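What follows is each chain in one-letter form.
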Amino acid sequence: MSILIRILENEHSELRTVAAEGFCKLMLSGRVISSKLISRLLLLWYNPTTEEDHHLRHCLGTFLPMFAFVTRRNQECLEDAFLPTLETLFNAPITSPLAKINDSNVADLLIQLTDHRNLPNLDHENLQESSIHDSLGLKICNHILSNPDSPGCRVLIRSLNKLHITNTNQATLKDMYTLLQQILEVIEDRVSKKTLEKLKASINEMINDENMATVEKDEEQIDVDHTNVEKSSDKFDQQMSSQDVMDVPLVDDNLTSLNETICPEDSISSKTMEVDDENKDPVLVVKRSSRRKKSTKQSVKKKAIPVCHLYSDSESDGEDLSRLKLSRKVTALSELNLSDSE
């Protein structure tokens, strides 16, 4: 592996091209994943000495976006190569061909290659929690704080303002806001300070917007919970009312109507004793009101029932005896009249 990497620096363009093309194929197939190798290929692509090697530059220019936009793991590999590649350019001697490379262009290319929005089959729910630019922004801030007087700080600060920071990741936003405040205290370049102030205001606005969104979401959840409680209460009341209706006993057609139970004085309209014409025996007559299926508070119309007088045994015997005497007197008188005539 180390031998092939050395060939990338060979003076013969054909050897460099073959080695670079082999590495590109290995990395695209997933056989080799190395941030150091990516850094070497990037510097080889921008190196002024390879300007005449069109096949090499075309091969590297095709490989880099294809490699970066396949999976998140490849973007993480480019993230690890970001600071080492730029550090090499910042610290390159004046006599080196690398000193002629525009480090801002390299930084912009790496930011574009590590943008998670360029990934296919983007899963927004997972990627909004954390992205490559979130972690890359924290690394750049820590690097600036470790050496605020380094020559490449202006390029790094400008790169910070081009990152696509996820606005839903509150932890990353708060950490970056704190780091930006610390950088502003130690940085002296005015242009860099203005850039940091704009970035700080943008981060602060995202934090406030997310807090407001969280509050509104909580209020909506409270309203939904209150509505659910009201619905449950109404449903419970309906169930209880239906249960009460089911508990009321129904009136059977074969039993006495509900009016008879509520108003016993209306259930029996009259009680009389009826005398049989032949046997002269007293008979008890009971008249019941007509049955009703529906119970109402309306008055029940009573039918007129002929009243039968109750005759005692003593009264009946007296009348019979008086009638018998009268008939005997009439018969005796008639017999006397007949005898006198004769």
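Calculation rules
Residues numbered from 1 in each chain as written. Predicted model: local features only at pLDDT ≥ 70, side-chain atom pairs only at ≥ 80, totals over all residues. Heavy atoms only, no water. Helix = DSSP H or I, 4+ residues; strand = E, 2+ residues; numbered from the N terminus. Buried < 20%, exposed > 50% of the residue type's maximum accessible area, 1.4 Å probe, protein only. Contact = heavy atoms within 4.5 Å. Salt bridge = Lys/Arg side-chain N within 4 Å of Asp/Glu carboxyl O. Patch = residues over 30% accessible without salt bridge, like charges linked within 9 Å, V, L, I, M, F, W, Y side chains within 5 Å. Areas by Shrake-Rupley, 256 points an atom, 1.4 Å probe, with all protein chains shown as cover. Lys, Arg positive; Asp, Glu negative; His and termini not counted. Charge placed at Lys NZ, Arg CZ, Asp CG, Glu CD. Disulfide = S-S within 2.5 Å. Core = buried A, V, L, I, M, F, W, Y, C linked by side-chain atoms within 4.5 Å.

Here we look at the overall build of the protein
Stage number 1. On a plain count of helices and strands, the protein comes out with 14 helices and two strands.
Stage number 2. Scored against the burial criterion, the 342 residues of the protein give a buried share of 30%.
Stage number 3. Within the protein, counting contacts between residues at least 6 apart in sequence, those at least 24 apart form 63% of the total.

Some words on the environment of Ser159
Stage number 1. Locating Ser159 in the fold gives a position in helix H9 (residues 153-160).
Stage number 2. For Ser159, a relative accessible area of 2% corresponds to the buried category.
Stage number 3. On a C-alpha basis, the gap between Ser159 and Ile140 in space is 8.7 Å, while along the polypeptide they are 19 residues apart.
Stage number 4. For Ser159, the residues in contact, after removing those within four places along its chain, are Phe82, Ala107 and Ile111.

Observations regarding the pattern of salt bridges
Stage number 1. In the structure shown here, the tally under the stated rule is eight salt bridges.
Stage number 2. Measuring nitrogen to oxygen at the nearest pair gives 3.4 Å for the salt bridge that ties Arg72 to Glu76. With a gap of four residues between them, Arg72 and Glu76 both fall in helix H5 (residues 72-90), about one helical turn apart.
Stage number 3. Taking the relative accessible area as the measure of exposure, Arg72 reaches 29% and is therefore partly exposed.
Stage number 4. Measuring nitrogen to oxygen at the nearest pair gives 3.2 Å for the salt bridge that ties Glu79 to Lys139. With Glu79 in helix H5 and Lys139 in helix H8 (residues 132-146), this pair connects stretches of sequence that are 60 residues apart.
Stage number 5. Taking the relative accessible area as the measure of exposure, Glu79 reaches 6% and is therefore buried.
Stage number 6. One salt-bridge network, held together by shared partners, links Glu79, Asp80 and Lys139.

Points about a positive patch on the surface
Stage number 1. A cluster of basic side chains, namely Arg190, Lys193, Lys194 and Lys198, defines a positive patch on the protein surface.
Stage number 2. Summarising the element assignment, Lys194 is placed in helix H11 (residues 190-247).
Stage number 3. Given the relative accessible area of 60%, Lys194 is considered exposed.

Structural notes on the state of the cysteines
Stage number 1. For the coordinates displayed, the defined rule picks out zero disulfides.
Stage number 2. Cysteine Cys24 shares no disulfide, and the gap to the nearest cysteine sulfur, in Cys59, comes to 4.3 Å.
Stage number 3. Cys59 gets classed as buried once you look at its relative accessible area, which sits at 16%.

Some remarks on the nonpolar core
Stage number 1. Grouped together as the largest cluster of nonpolar side chains are 61 residues, with contacts concentrated most on Ile38, Leu41, Phe82 and Ile140.
Stage number 2. Sorting elements by how many residues they give to this core places H5 first, with eight residues.
Stage number 3. Discounting chain neighbours no more than four positions away, the residues touching Ile38 are Met27, Phe63, Phe67, Cys77, Leu78 and Ala81.

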